[in-house]
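Residues per chain are reported as follows:
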Amino acid sequence: MPRLAGQTTEYFENQLRAFVERRRETHIAIVMSRVHGLSPEMRTALAAHFTDLNPKPFGSAERKLVATGKAIYEEGAPDANVPACSACHGPEAEGSGPIPRLAGQLYPYTTKELANWSKERGQDAANPDTSAIMKPIAHSLTKSQIEAVAAYLSYME
Ligand code: HEC
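Presented here is an overview of the structure given in this document. Keep in mind that this is a model prediction, so the values were computed, not measured.

### Quick look at the coordination of the iron atom of the ligand
Distances from the iron atom of the ligand to its protein donors, His 89 (NE2) and Met 134 (SD), fall at 2.0 to 2.3 Å. Between the six donor atoms coordinating the iron atom of the ligand, the angles at the centre fall across 84 to 179°, so the site counts as octahedral. In this pair, His 89 sits in helix H5 (residues 86–89) while Met 134 sits in helix H8 (residues 131–140), placing the two residues 45 residues apart along the sequence. Here the two residues His 89 and Met 134 agree in accessibility, since each one is buried.

### Looking at the packing of aromatic side chains
In the structure shown here, the tally under the stated rule is two aromatic pairs. Pairing Phe 12 with Phe 50 gives two aromatic rings, centres 5.4 Å apart and planes at 25°, and the pair type is stacked. Within this pair, whereas Phe 12 is found in helix H1 (residues 9–20), its partner Phe 50 is found in helix H3 (residues 40–51), the two being separated by 38 residues in sequence. Summarising the burial analysis for this pair, Phe 12 and Phe 50 share the class buried. Pairing Tyr 73 with Tyr 152 gives two aromatic rings, centres 5.9 Å apart and planes at 50°, and the pair type is tilted. On the criterion of sequence distance, the pair formed by Tyr 73 in helix H4 (residues 66–75) and Tyr 152 in helix H9 (residues 143–155) is long-range, its members being 79 residues apart.

### Description of the site of the ligand
Around the ligand, 23 residues are found, and the nearest of them are Cys 85, Cys 88, His 89, Tyr 109 and Met 134. One nitrogen or oxygen atom from the side chain of Tyr 109 is found 2.6 Å from an oxygen atom belonging to the ligand. In terms of residues, the shell around the ligand owes the most to one element, H8, which gives four residues. Along the lines of polarity and charge, the residues of the shell around the ligand split into 17 nonpolar, five polar and one charged.

Rules behind the numbers
Residues numbered from 1 in each chain as written. Predicted model: local features only at pLDDT ≥ 70, side-chain atom pairs only at ≥ 80, totals over all residues. Heavy atoms only, no water. Donors = N, O, S within 2.8 Å, 3.2 Å for Na, K, Ca; no water. Tetrahedral: all angles 85-135°; square planar, octahedral: opposite > 155°, others 65-115°. Helix = DSSP H or I, 4+ residues; strand = E, 2+ residues; numbered from the N terminus. Buried < 20%, exposed > 50% of the residue type's maximum accessible area, 1.4 Å probe, protein only. Phe/Tyr/Trp six-rings, centres within 6.5 Å; stacked < 30°, edge-to-face > 60°. Near = heavy atom within 4 Å. Polar contact = N/O pair within 3.5 Å; in protein donor to acceptor, adjacent residues only side chain to side chain. Nonpolar A, V, L, I, M, F, W, Y, C, P; charged D, E, K, R; others polar.

This is the structure we're talking about:
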């Protein structure tokens, strides 16, 4: 389950629409059944509610991965052609518009998303979306790079 607190309103709404239009998959049936029942006005109201929340990060990932994760976040992995995450997600991982906030995101969620990118997102080839921007990046990261950057993000405020 993702942390929704502090998420940008545009990204939040985009993702709810992606679930409704079946561009984004989830194996958690309750998410699908609930999201389908929301009107566009309710989606906007929920997005506005969550963006204003700012709890402390839950953390809990392995601390020893954090330094490597910070380096990937700020500098990318040039050998693997991975750009710095901060270039899009912002120096504090706060996100902007269609680019999500990553700060304080839960470790299990971030690792799951990055490892399963193309199984969950961009599921309607006839209707490409913003998930295509992250696709080559998610594919280029190794498992240990994913774990390191996810650990770093889980502690960011
Ligand atoms: C070129 C801009 C760009 C760069 C660089 C970038 N991202 Fe992204 N990222 C995006 C966009 C746009 C999305 C939203 C995709 C969507 O709409 O499905 C995203 C989404 C994500 C998500 C999903 C978040 C969620 O709440 O579901 C994660 C995780 C993520 N990025 C991690 C990273 C990491 C880690 C890096 C660095 C290795 C990185 N990104 C670099 C643009 C970028």
